[in-house]
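Survey of secondary and tertiary structure
Residue-level listing of the chains:
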Amino acid sequence: MSSGFFKQAVAGAALFASVVLAGVHPVWAQDLQALARVDGARSTIEDNSGDTVNLRLHLSQPVPYRVFALNDPPRIVFDFKEVDWSGFEPGKVDQSDVVKGLRFGIFRPGWSRLVLDLAYPILPQKAEMRVNEVRGTAILDVTMASASREEFALKSSEREEDGWALPKPTEAGKPKQRQLGDRPVVVVIDPGHGGVDGGAERDGYEEKDLVLQFARELQEALIRTGRFQAKLTRTEDVFLSLPDRISVARALGADVFLSIHADALAEGSATGTTVYTLSAKASSTMAAQLAEQHDRSDLLAGVDLSNQDDQIAAVLMDMAQRETGVRSDMLAEMLVNGIAKSVGRIRKRPHLSAGFTVLKAPDIPSVLVELGFMSNKSDLNNLLTKRWRGQVIAGILNALDAWTLEDAAQGRLLRQ
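A short tour of the structure in this document, coming up. (Residues numbered from 1 in each chain as written. Predicted model: local features only at pLDDT ≥ 70, side-chain atom pairs only at ≥ 80, totals over all residues. Heavy atoms only, no water.)

Concerning the overall build of the chain
Filter applied, for reference: By the criteria applied, helices consist of DSSP H or I runs no shorter than four residues and strands consist of E runs no shorter than two, each listed in order from the N terminus. Partly exposed residues are those whose accessible area sits between 20% and 50% of the maximum for their type, while under 20% is buried and over 50% is exposed, using a 1.4 Å probe and protein chains only. Two residues qualify as a contact provided that any one of their heavy atoms is within 4.5 Å of a heavy atom in the partner residue. Under the convention used here, a 1.4 Å probe and the Shrake-Rupley method define accessible areas, while residue burial counts only the protein chains that appear.
Across its full length, the chain carries 10 helices and 18 strands. Sorting the 416 residues of the chain into buried and exposed places 51% on the buried side. Restricting to contacts in the chain with at least 6 residues of sequence separation, those with at least 24 account for 76%. Accessible surface computed for the chain: about 19100 Å², of which carbon and sulfur atoms make up 49%.

Re helix α3 (residues 149-156)
Definition in use: It is the directions from the helix axis to the C-beta atoms whose arc is reported.
Regarding α3, the residues found buried are F152, K155 and S156. Seen from one end, α3 has its buried residues packed into an arc of 100 degrees, which puts them on one side. Those residues of α3 that are buried lie in contact with β4 (65-70), β5 (75-81), β8 (111-118) and β9 (122-131).

Side note on the pairing of strand β10 (residues 138-146)
Stated precisely, the cut-off is as follows: Here, a strand pair is defined by DSSP locating no fewer than two bridges between the strands.
With 7 of 9 residues buried, β10 lies mostly within the body of the structure. Across 8 bridges, strand β3 (residues 52-59) lies against β10 in antiparallel orientation. Looking at the pairing, V53 lines up with M144 of β10. Both β9 and β10 contribute to a ladder of 9 bridges, which runs antiparallel. Within the sheet, the bridge partner assigned to M129 lies in β10 and is L140.

Description of the environment of A69
Tracing the backbone shows A69 in strand β4. Classification of A69 as buried rests on a relative accessible area of 0%. In the structure, A69 is positioned 83 residues away from F152 in sequence and 7.4 Å away in space, judged by C-alpha atoms.

As for the nonpolar core
Within soluble globular proteins, side chains that are nonpolar generally end up buried alongside one another. The condition is simple: Definition used in this section: a nonpolar core is a set of buried Ala, Val, Leu, Ile, Met, Phe, Trp, Tyr and Cys residues joined via side-chain atoms within 4.5 Å.
Core analysis: the largest hydrophobic core is formed by 41 residues, its most contacted members being I189, L222, L258, L335, I396 and L400. At the level of secondary structure, the elements contributing two or more residues to this core comprise β11 (185-191), α4 (207-225), β14 (228-232), β15 (256-263), α8 (310-343), β18 (366-373), α9 (377-383) and α10 (386-415). Tallying contributions element by element places α10 first for this core, with 8 residues. Here I396 is in contact with F214, L218, L258, L335 and I339, once residues within four sequence places are set aside. In this structure, V53, V63, V67 and I122 belong to the second largest nonpolar core, which totals 34 residues.

Looking at the pattern of salt bridges
The test is simple: When a carboxyl oxygen of Asp or Glu lies within 4 Å of a side-chain nitrogen of Lys or Arg, that pair is called a salt bridge.
Applying the stated rule across the entire model yields 16 salt bridges. D141 serves as the salt-bridge partner of R56, at 2.9 Å between the closest nitrogen and oxygen. Pair noted here: R56 is in strand β3 and D141 is in strand β10, with a separation of 85 residues, a long-range link. What makes R56 partly exposed here is its relative accessible area of 33%. As a salt-bridge pair, R178 and D407 come within 2.9 Å of each other at their nearest N and O atoms. Of this pair, R178 sits in the loop between α3 and β11 while D407 sits in helix α10, and the two are 229 residues apart along the sequence. Taken individually, R178 and D407 each receive the classification buried, so the pair is uniform in this respect. Put simply, R56, R130 and D141 are held in one network by salt bridges that share partners.

Some points on the sheet that holds β18
Operational definition: Axis definition: a line fit to C-alpha positions, over the contact stretch in the case of helices; interaxial angles, taken between N-to-C directions, run 0 to 180 degrees.
Spatial strand order, β14-β11-β15-β18-β16-β17: 6 strands in an open sheet with mixed pairing. Strands with a single pairing partner mark the edges of an open sheet, and in this sheet they are β14 and β17 (351-354). Taking each pair of neighbouring strands and ignoring which way they run, the sheet shows an average axis angle of 30 degrees. Direction of pairing for β15 relative to β18: parallel, over a ladder of 6 bridges. Across the sheet, residue S259 finds its bridge partner in β18, namely L368. Those strands touched by α4 are β11, β14, β15 and β18, and its axis lies near 160 degrees from that of β14.

Looking at the side chain of T277
What counts, and what does not: We call two N or O atoms a polar contact when they sit within 3.5 Å, provided that within protein one can donate a hydrogen and the other can accept it, with sequence-adjacent residues counted only if both atoms are side-chain atoms.
Along the polypeptide, T277 turns up in strand β16 (residues 274-278). According to the relative accessible area criterion, T277 is buried, its value standing at 2%. There is a polar contact of 3.1 Å between the side chain of T277 and the side chain of D329.

A closer look at the packing of aromatic side chains
Inclusion rule: Note on aromatic pairs: the rings of Phe, Tyr and Trp (six-membered ring only in Trp) are paired at centre separations within 6.5 Å, and the planes decide the class, stacked below 30 degrees, edge-to-face beyond 60, tilted for the rest.
Overall, the coordinates contain 5 aromatic pairs when judged by the stated rule. Pairing F78 with F80 gives two aromatic rings, centres 6.4 Å apart and planes at 15 degrees, and the pair type is stacked. Looking at F80, the relative accessible area reads 1%, which means it is buried. Relative to F104, the ring of W85 lies with its centre 5.2 Å away and its plane at 45 degrees, an arrangement referred to as tilted.

Quick look at the environment of V248
Assignment of secondary structure puts V248 in helix α5 (residues 242-251). Each C-alpha atom, one on V248 and one on L232, is 8.9 Å from the other, the two residues being 16 residues apart in sequence. Among residues more than four places away in sequence, those in contact with V248 are V134 and T233.

A look at the side chain of D190
Mapped onto the fold, D190 is located in strand β11. In contact with D190, not counting residues within four places along its chain, are T233, R245, F257, L258, S259, I260 and V358.

Here is the structure:
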């Protein structure tokens, strides 16, 4: 074990699940502001062969952490940015004969501590926090091995207060560069709803199934052009929270985010395809709310806001939102024109704005495409017809081609 282990257990910059939301629907308000949660049912401390002990801690999101030793009596201490210990039962987690007991809780405002009381000295040999790039969850794996009392005493005296370790960066943690027409554009398609959330339903058909089918067909068409990389936020009938959808899009390196839906109305006879972008009203106060409510490293890909005060962070967020908003509006207009030309009929007011949560990533041009209304028999029949879906997809392809060229030209001008 290197002498600098306790100075930094894992080298590298932080990668946090990117959740950029404000003014969310009450259903998601609690999740948005929640701490990282420890999954006690899946976390373990076990003795392994070779006289080693392994700690595996499942977390709902990655957090900064440090690990160090304390002597007289021997203990291994883990400090984390504050986590939620609800449901964590020491008797079920601790299956080790070496670890005599666990203690956990908040040790100072904003920070949590887990203490392993030891039967005899052991020291960490390897520590790694692995981040799931799609789900945004994390697993902390620490391997500990027996040590002499002299070595343990020496290591316990090396502890430094700045010895915080951070999750290793991944490709998804690198700053995202704006597309300039010199590479395939990454289009992330988000089929709405899924799992227990079926969305709209009419005549035995569920929105979640129809939009997933459309998303798969759109993905295939985009890939076949060779000009796009197309990825889905979900590829099967699973539930994804609204924050997860934005996190997945950023983890997949999205240049463009297309959320696909097919609504239904209890009353009225709305029909036709609609393209939504984030409304100015919905985004006008978002920068300040984000700056106040979220970890700064979570807010904007490629920009470190952690050392900025609320006012500066809000200004930087607002600048990003303004640029992205213009790019999203241009994409929406091109989608409206492309679909109208291909299908031949579209709504009277096909480009609208609203405060949809999934459109609130400040660094990814995002639109929500409402394919039609399942409550309208003609629209539902269109959704079930492969020929109509193909026409819409052709319109989207033409729009994305046009947008890619214009957006790249504008991006090159900004660089000059």
